[in-house]
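Topology and contacts: notes
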Amino acid sequence: MQNVSCSDVTLKLQHLFSLFQKGQTKRVLQEVEVLLTSVTDNADLLHLAAMAYKAEGNFEKAINYFTKSLAINDNQPQVHNNIANTYKQKLSWALAEVHYNKAIKLQPQYIDAIKNLGLLYLNNQRYKEAKNSFLQVIKLSKSDASAYTSLGNICKAEQNFPAAISYYKQALNINPRYVNALHNLGIAYRMTGNFSEAIKCFNQAKAIAPNIAEIDFNEANTQFDLGNYLQAEQAYWNALRKAPDNCEIHETLNEFYWQTDKKSEFGKSFTQAINHLPNNLPLRHSYAESLFASGNKAQASKVIDEALKLDKTPELLHLKGKLVASKGELKLAISLIESSLNNQYKLSNALDLIELLIIDIDYSKALHHISYAEKIEPNNQLLIAYKSICWRLTSDHRYEWLIDYQTHIRTYEIPVPKGYSSREMFLDELGPALLSMHQTQHAPLKQTLKFGTQTPGRLFYQPVKPIVDLKNAFEEVALEYISSLPDDDSHPLLSRKTKQINFAGSWSVKLKPNGYHVNHVHPKGWISSSFYVSVPEFSNFPQSNDNAGAIKFGESSMNLKEREKIARTVTPKNGLVALFPSYVWHGTIPFNGPNDIVRLTAPCDITPGER
């Protein structure tokens, strides 16, 4: 240390820290940089410099100064915690985990670091480790409402809504005005079909924190589930008044207008927001995405081209690539999306590139991108589906190992639940209960469904007796299917066998004549299903296909023409369940008939529970 005494440095640090607490980070940095020219070995000063740079958003310089501070004294739990927070913001998960663990090792009762590590695990879907972190917090501080709330969030992410509700209630017993717990309790109630309790929670949360747009947003979603469309619309607009730049709220409101056949209102919220926030590129991108999904490609192109004049962001380049791909300009589309990924890697964008490479017959490059993406999300079922197409079209013997269309796709008759004299009696009660939930006019924009409707929310959590009975029957069938599968620890389906399952999604679909599902897979699933509640007698009407109304397997969504292949079809009938790996391509063959007939199903996605 030169020219400056220890006491002077201590006083200066106190002064600078006071400025930092007041938010005067630029002034702090000016004075810190001057001081560092003469004081180079003070860990606290370097730590303060790092925190100031982090507050200014300069993560690289922040990490540099955190690292210098730790080089002088590695036994600083707070510095390890803060550098971990910075790595987390940079999405450097592994480095963040290392430093959180160092902080906790140095100070085993460091609650903030334990919480931060738990949140990191939750963000990376490492639910068991996340749960252990927050249980450790509760051991150290039994009255920590945020820890109970985080445990609720973990259970919610695992689709274990009853357990989530229990944890949120424990948080609220500690602090009845804890808005985070109230809000998430409302979401959990909505997921279980308890809409009245959900609305109560949202109203209580709004009374405490009236400016949080997400509360109005989730209230709107709940009103939509209830069929209260006027209240839903008002709540969506209330949310947008508080957060006019929130793209998710705009997208959902316009999805609402689409499904309820108020297409004259479609896009108005976006145009209003863009007029007030003309430099907000995410808004322009989100608007173009919604237009593209609705089929209005010309307007979507105009919106994107205007946005690209402001800046060529990765997201805009990606969507421009999708738009030109829809016109058949494959090479240009691939170039645009590759440019997008070179600037910012995003898995969803990489998936679009992989699809275009397969269409362009560049299987080797597609497989290269699949291999990289699997390191990020190894259980993403769409990645496996794309790999299956590459393997089939390159005659790779692993294709037959990956998909055994006879062993991996199985059909069952739904078990007759207790209290019903026959399967027909059960279906006769289930059918009207499901039909009453189909209140919209059109299918969701970004779904594979054409000419039909789909129920919102999680069907299996509806407190309706035949639906509760259906969930229990489905669990019985699913466990039978899983136990029948062979063992193979290297196989993406078979290696995840378990005796505990979760229902990751459940819904009902009402297909009208000429309706069908575009070929697709279920990216977040493990095992998927189709359950046929009510199937018309297709032979009573002239059909253009001998397999009208059937589910087909093996044919992709990429329209590969002579490269496509249907490997198997299953003819539906009332009470039939078809179970298959979520990565298997499947779709529906359209059927003809009068307008008053429908094909009613209740599919679901299954994921492994804790092993």
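About the cut-offs
- Residues numbered from 1 in each chain as written.
- Predicted model: local features only at pLDDT ≥ 70, side-chain atom pairs only at ≥ 80, totals over all residues.
- Heavy atoms only, no water.
- pLDDT = per-residue confidence, 0-100.
- Helix = DSSP H or I, 4+ residues; strand = E, 2+ residues; numbered from the N terminus.
- Core = buried A, V, L, I, M, F, W, Y, C linked by side-chain atoms within 4.5 Å.
- Buried < 20%, exposed > 50% of the residue type's maximum accessible area, 1.4 Å probe, protein only.
- Polar contact = N/O pair within 3.5 Å; in protein donor to acceptor, adjacent residues only side chain to side chain.
- Contact = heavy atoms within 4.5 Å.
- Pairing = 2+ DSSP bridges.
- Salt bridge = Lys/Arg side-chain N within 4 Å of Asp/Glu carboxyl O.
- Expected span 1.5 Å × (residues − 1).
- Arc of directions from axis to C-beta.

1. With respect to the confidence of the model for the chain
For the chain, mean pLDDT is 91; residues scoring 70 or higher make up 96% of the total. Put simply, strand β2 (residues 449-454) is where the chain has its lowest mean pLDDT, 71, and helix α23 (residues 381-393) is where it has its highest, 98.

2. Notes on the nonpolar core
In this structure, Ile358, Tyr386, Leu470, Phe474, Phe531, Leu579 and Ile606 are the most contacted members of the largest nonpolar core, which totals 106 residues. Leu46, Ala62, Ala96 and Leu122 belong to the second-largest nonpolar core, a separate cluster that totals 69 residues.

3. Considerations on the side chain of asparagine 519
Secondary-structure assignment places asparagine 519 in the loop between β4 (509-517) and β5 (527-534). A distance of 3.0 Å separates polar atoms of two side chains, one belonging to asparagine 519 and the other to glutamate 555. Separated by 2.9 Å, the side chain of asparagine 519 and the backbone oxygen of serine 556 make a polar contact. Excluding anything up to four places from it in sequence, asparagine 519 contacts Lys552, Glu555, Ser556, Ser557, Trp585, His586 and Gly587.

4. So, unusual backbone geometry
Even without being glycine, glutamine 159 reaches a positive phi, approximately 70 degrees. Since its relative accessible area comes to 13%, glutamine 159 is described here as buried. Located in the positive-phi region is asparagine 559, a residue other than glycine, with phi close to 55 degrees.

5. A word on the side chain of glutamine 76
Structurally, glutamine 76 is set in the loop between α4 (59-72) and α5 (77-89). In this structure the side chain of glutamine 76 is engaged in a polar contact, spanning 3.1 Å, whose partner is the side chain of serine 69. Beyond its immediate stretch of four places on either side in the chain, glutamine 76 contacts Ala43, Asp44, Ser69, Leu70 and Leu106.

6. Let's talk about the pairing of strand β11 (residues 604-608)
Extensive coverage of β11 is indicated by the burial of 5 of its 5 residues. Residue alternation in β11 divides its side chains into two sets, Cys604, Ile606 and Pro608 and Asp605 and Thr607, and both sets are buried. Summarising the sheet, β5 and β11 pair through 3 bridges and their orientation is antiparallel. Bridged to isoleucine 527 within β11 is isoleucine 606.

7. Description of the pattern of salt bridges
All told, the structure shown has 28 salt bridges when counted by the stated rule. The partner of glutamate 56 in a salt bridge is lysine 26, with the nearest N and O atoms 2.9 Å apart. With glutamate 56 in the loop between α3 (43-55) and α4 and lysine 26 in helix α2 (residues 25-36), this residue pair connects regions lying 30 residues apart in the sequence. Looking at lysine 26, the relative accessible area reads 55%, which means it is exposed. Residue lysine 206 is joined to aspartate 216 by a salt bridge in which the shortest nitrogen-to-oxygen separation is 4.0 Å. Within this pair, whereas lysine 206 is found in helix α12 (residues 195-208), its partner aspartate 216 is found in helix α13 (residues 213-226), the two being separated by 10 residues in sequence. On the accessibility criterion, aspartate 216 (2% relative accessible area) is buried. Salt bridges here are not isolated pairs; linked through shared partners, they connect Lys206, Asp216, Glu219 and Lys242.

8. Details of helix α7 (residues 111-123)
A rise of 1.5 Å per residue sets the reference length of α7, with its 13 residues, at 18 Å; its end C-alpha atoms lie 18 Å apart and thus fit the reference within 8%. The complete set of buried residues in α7 reads Ala113, Ile114, Lys115, Asn116, Leu117, Gly118, Leu120, Tyr121 and Leu122. Residues of α7 that are buried make contact with α5, α6 (93-106), α8 (127-140) and α9 (145-157). Once α7 ends, the next one or two residues include glutamine 125, with phi positive near 60 degrees.

9. Concerning α8
In a regular helix each residue adds 1.5 Å, so 14 residues correspond to 20 Å; α8 covers 20 Å between its end C-alpha atoms and thus fits that length. Listing the buried residues of α8 in full gives Tyr127, Ala130, Lys131, Ser133, Phe134, Val137 and Ile138. End-on, the buried residues of α8 take up no more than an arc of 160 degrees, which puts them together on one face. Exposed residues on α8 whose side chains face more than 90 degrees from its buried face are Lys128 and Lys139. On its buried face, α8 is in contact with α7 and α9.

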